[in-house]
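Inside the fold
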Amino acid sequence: MLDRSAAGKNYHLENDLVIATHNTGKLREIQELIGGRVVHIQSAGELGLDDPEETGTTFHENAALKALAAAQATGKPALADDSGLAVAALDGAPGIYSARWAEKEDGTRDFGFGMEKIWDKIQNQDNKRAQFISVLALAFPDGQIFYTEGTVEGEIVWPPRGENGFGYDPIFQADGQTRTFGEMTAEEKHALSHRAKALRAFVKTWCSG
Ligand code: IMP
């Protein structure tokens, strides 16, 4: 358990939190999962903050650099998610490069293209196991950073199914499920997802009591 009193004593997360993301899918999920527990949530996009370059080599490093940049730019606590899809037959790729894998030559992101790229590489392999990973970093303007994380195990399916969610949701089927994340309602995905697990741990430590 974190010593919340040391880090958070000058801040009241219940009142103010910056969500350090420009990804609308992530932002929507984070807002849904934090619910009414934090009164004033602002996103990096709304605040006109730059999206820092993800120069880290781990989910933790990238989450930390995004959260810290937002905390220092605003003087408020900031929460960032770094997440991705790790495919076993690809030694964990695309992993921290999940968003970049969907980039076309002209720099635009197309997850249809990203999903095909994954399927091309694994379609002839028996092992279709994969996991989604989410690491959340909560940074304070004084530089302190705290992490929570969540994973969900499953497999890659083809063809993509479902219009819900975002990113690689249409090709990820969590263990024990017959539908992909792309076919689930937001509530159904939140009952299982990596980000929901990481956020529940965050809420438990920082938004209660
Ligand atoms: P980043 O954390 O901003 O580097 O981007 C993470 C990328 O991983 C997203 O753009 C998606 O492509 C993928 N990703 C992370 N979480 C999810 C999810 O819940 N569903 C589908 N794709 C996800």
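To start, this report covers the structure provided alongside it.

About the cut-offs
- Every chain begins its residue count from 1, and numbering advances along the sequence as written.
- Local features in this predicted model are restricted to residues of pLDDT 70 or higher, and side-chain atom pairs are both shown and tallied only at a pLDDT of 80 or more, whereas totals for entire chains, interfaces and linings draw on every residue.
- Hydrogen atoms and water are omitted, and side-chain values are computed over all heavy atoms in the structure.
- Two strands are said to pair when DSSP picks up at least two bridges between them.
- Under the scheme used here, helices are H or I runs from DSSP no shorter than 4 residues and strands are E runs no shorter than 2 residues, and both carry numbers assigned from the N terminus.
- Axis geometry follows a simple rule: fit a line to the C-alpha atoms, using only the stretch in contact for helices, then measure angles between N-to-C directions, giving values from 0 to 180 degrees.
- Whether two residues are in contact is decided by their heavy atoms, any of which lying within 4.5 Å being enough.
- The definitions used throughout rest on a 1 Å grid laid over the protein atoms alone, on which a cavity is an enclosed set of points accommodating a 1.4 Å probe that cannot get out and a pocket is an open set flanked by protein within 12 Å on both sides along at least five of seven lines; lining residues are those having an atom within 4 Å of a point.
- Grid points are joined across faces, edges and corners, and a volume is the space filled by probe spheres set on the points.
- Classification convention: Asp, Glu, Lys, Arg as charged; Ala, Val, Leu, Ile, Met, Phe, Trp, Tyr, Cys, Pro as nonpolar; all other residues, Gly among them, as polar.

Topic: the sheet that holds strand 3 (residues 78-87)
Strand order in the open sheet made by the six strands is 2-1-3-4-5-6, with mixed pairing throughout. With partners counted over all chains shown, the strands left at the sheet margins are strand 2 (40-43) and strand 6 (172-174), one partner each. Here the strands of the sheet are splayed against their neighbours by 35° on average, with no regard to which way each runs. The pairing of strand 1 (residues 16-19) with strand 3 spans two bridges and is classified as parallel. From the neighbouring strand, Ile 19 faces strand 3, where its bridge partner is Leu 79. Against the sheet, helix 7 (residues 194-206) contacts strand 1, strand 3, strand 4 (129-139) and strand 5 (145-156), and its axis sits at roughly 155° relative to strand 5.

Regarding the layout of surface pockets
When its volume is computed, the largest pocket comes out at roughly 650 Å³. Around the largest pocket sit 32 residues that line it, and Asn 23, Lys 26, Glu 54, Ala 99 and Arg 109 are the ones nearest its centre. Looking at the lining of the largest pocket, the elements with two or more residues in it are strand 3, helix 4 (98-101) and helix 7. Take the lining of the largest pocket: its biggest share by element is five residues, from strand 3.

Concerning empty space enclosed by the protein
Summed over the entire model, instances satisfying the criterion amount to one cavity of 30 Å³ or more. When its volume is computed, the largest cavity comes out at roughly 30 Å³. Lining the largest cavity are Leu 79, Leu 136, Ala 137, Leu 138, Phe 146, Tyr 147, Thr 148, Phe 202 and Trp 206. Every element with two or more residues in the lining of the largest cavity is listed here: strand 4, strand 5 and helix 7. Per-class residue counts for the lining of the largest cavity are eight nonpolar, one polar and no charged.

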